[in-house]
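Here's the letter readout for the chains.
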Amino acid sequence: MDYKKAGVDIEAGYQSVELMKEHVKRTMREEVLGGLGGFSGAFSLAKIKEMEEPVLLSGTDGCGTKVKLAIIMDKHDTIGIDAVAMCVNDIACAGGEPLFFLDYIACGKNYPEKIADIVKGVAEGCLQSEASLIGGETAEHPGLMPEEDYDLAGFAVGVCDKKDMITGENLTPGDVLIGMASSGVHSNGFSLVRKVFEKELTREGLGTWYEELGRTLGETLLAPTRIYVKALKGIKSAGVTVKGCCHITGGGFYENVPRMLREGTRAVIRKDSYPVPAIFDLLAKKGEIEPAMMYNTFNMGIGMIVAVDPKDAEKAMDAMKAAGETPYTVGSVEAGEKGVTLC
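Residues numbered from 1 in each chain as written. Predicted model: local features only at pLDDT ≥ 70, side-chain atom pairs only at ≥ 80, totals over all residues. Heavy atoms only, no water.

Engineer: Any chance you could break down the pattern of salt bridges for me, citing the residues and the numbers?
Structural biologist: A full pass over the atoms with the stated rule returns 18 salt bridges. Put simply, Lys162 and Glu53 hold a salt bridge, and the shortest N to O gap is 3.9 Å. Taken together, the positions of Lys162 in the loop between β6 (150–161) and β7 (176–181) and Glu53 in the loop between β2 (42–43) and β3 (54–62) put the pair 109 residues apart, joining distant regions of the chain. Ionic pairing is found between Glu148 and Lys114, a salt bridge with its closest N-O pair at 3.5 Å. Of the two residues, Glu148 is situated in the loop between β5 (132–140) and β6 and Lys114 in helix α4 (residues 112–129); the sequence distance between them amounts to 34 residues. A relative accessible area of 13% places Lys114 in the buried class. Connected through shared salt-bridge partners, Arg29, Glu31, Glu97, Glu130 and Lys233 make up one network. (Salt bridge = Lys/Arg side-chain N within 4 Å of Asp/Glu carboxyl O. Helix = DSSP H or I, 4+ residues; strand = E, 2+ residues; numbered from the N terminus. Buried < 20%, exposed > 50% of the residue type's maximum accessible area, 1.4 Å probe, protein only.)

Engineer: Let's hear about the nonpolar core: which residues, and what values?
Structural biologist: Residues Phe197, Leu221, Phe253, Val257, Ile279, Leu283 and Ile305 are the most contacted members of the largest nonpolar core, which totals 93 residues. Residue contributions to this core peak at nine residues, all from helix α3 (residues 79–92). When near neighbours in sequence (up to four residues on either side) are disregarded, Ile279 contacts Val185, Phe197, Leu213, Leu217, Thr220 and Leu221. Core analysis: the second largest hydrophobic core is formed by eight residues, Leu99, Phe100, Ile134 and Val159 among them. (Core = buried A, V, L, I, M, F, W, Y, C linked by side-chain atoms within 4.5 Å. Contact = heavy atoms within 4.5 Å.)

Engineer: Which residues make up unusual backbone geometry, and what values do they have?
Structural biologist: Of note in the backbone geometry, Asp74 takes a positive phi value of approximately 55° without being a glycine. Looking at the element boundaries, Asp74 is found in the loop between α2 (66–73) and α3. One non-glycine residue, Met300, lies in the positive phi region at around 55°. Within the secondary structure, Met300 is located in the loop between α11 (291–295) and β12 (302–308).

Engineer: Describe the sheet that holds strand β11 (residues 265–269), naming the residues involved and giving the relevant values.
Structural biologist: As summarised here, the arrangement of the six strands in space is β10-β12-β7-β13-β11-β14, forming an open sheet in which the pairing is mixed. At either margin of the open sheet sits one strand with a lone partner, and together these are β10 (244–247) and β14 (339–342). The sheet shows a mean angle of 25° between the axes of neighbouring strands, taken without regard to direction. The pairing of β7 with strand β13 (residues 327–335) spans five bridges and is antiparallel. Paired with Ile178 across the bridge in β13 is Thr329. The strands that helix α12 (residues 313–322) touches are β7, β12 and β13; relative to β7, the one it contacts most, it runs at about 10°. (Pairing = 2+ DSSP bridges. Axes fitted to C-alpha atoms, helices over the stretch in contact; angles between N-to-C directions.)

Okay, structure coming up:
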């Protein structure tokens with residue numbers, strides 16, 4: 001008896017590491033110390049000394065059951081972008097700059113090419129957020145997971161000067177809310193998505209072309225989560241102070257928007273202020289989902305919202321556009337009970 005007969009292929013693990021090295025190498029910042037293969041990732045904090053009062057920010061998350069669609073479609077090179085996005089977007093909306101990322105892949109069986117494809121996506125997410133992929137773990141779990149299945153999660157660390165943290169404490173009535181367009185469903189609400197499209201959850205079903213989507217259902221649902229790090233950096237570089245910021249993830253508008261507010265302020269968002277992507281109309285119609293539930297589950301086409309002074313709104317939107325984002329003025333901050341009104 002040996003480990004391979006027990007279901008864990010050590011040689012496949014070695015092969016996975018070799019195949020992923022080229023992707024990891026592309027993400028290296030100058031602060032990274034050492035190479036891939038050590039017991040821990042090392043990152044120099046020398047530059048942080050230039051800050052008045054440096055604060056480390058961390059985030060951890062996964063891709064939820066969106067992974068199931070990647071498995072059905074046998075397409076694994078973008079799901080890693082989602083894992084990175086879910087972590088670094090949270091860091092960015094607190095005012096931080098993501099520094100490094102670590103991934104964790106649990107699988108029923110280690111297929112080296114598949115693992116390398118997953119890490120390729122993780123590396124792409126790190127490049128988009130200018131973070132280094134300095135470590136990770138691939139855990140083979142025979143008997144716990146089916147051989148074809150895997151799950152993906154990650155952890156990121158960022159930094160900001162305390163004076164630059166986005167806390168919402170300086171929000172005032174009249175501040176403008178600017179939303180940045182999402183790429184679609186992103187990585188939240190997929191348990192409901194899979195229930196709605198239960199009969200389509202085959203490779204053939206997900207390969208069905210929908211005129212209203214302009215592509216197949218699978219391509220639409222698997223579109224990777226947008227990473228807004230560069231846009232927020234651009235706003236800061238433009239000299240604009242972001243007073244409040246929220247990442248629209250699980251819980252949609254109703255759960256996430258209040259998290260950016262201070263007591264005594266309320267966000268008022270106009271639902272007709274931007275175009276809602278067709279996938280959400282399709283989900284609502286096919287699943288007979290009430291509007292309130294849609295906005296309480298999905299991002300509905302807006303992945304990140306920032307609050308700025310009205311005089312800075314145009315400059316902020318120009319910075320977003322320069323970073324490749326599509327911004328919309330979606331509402332404003334008003335005096336009132338902390339919460340959100342969608343009208």
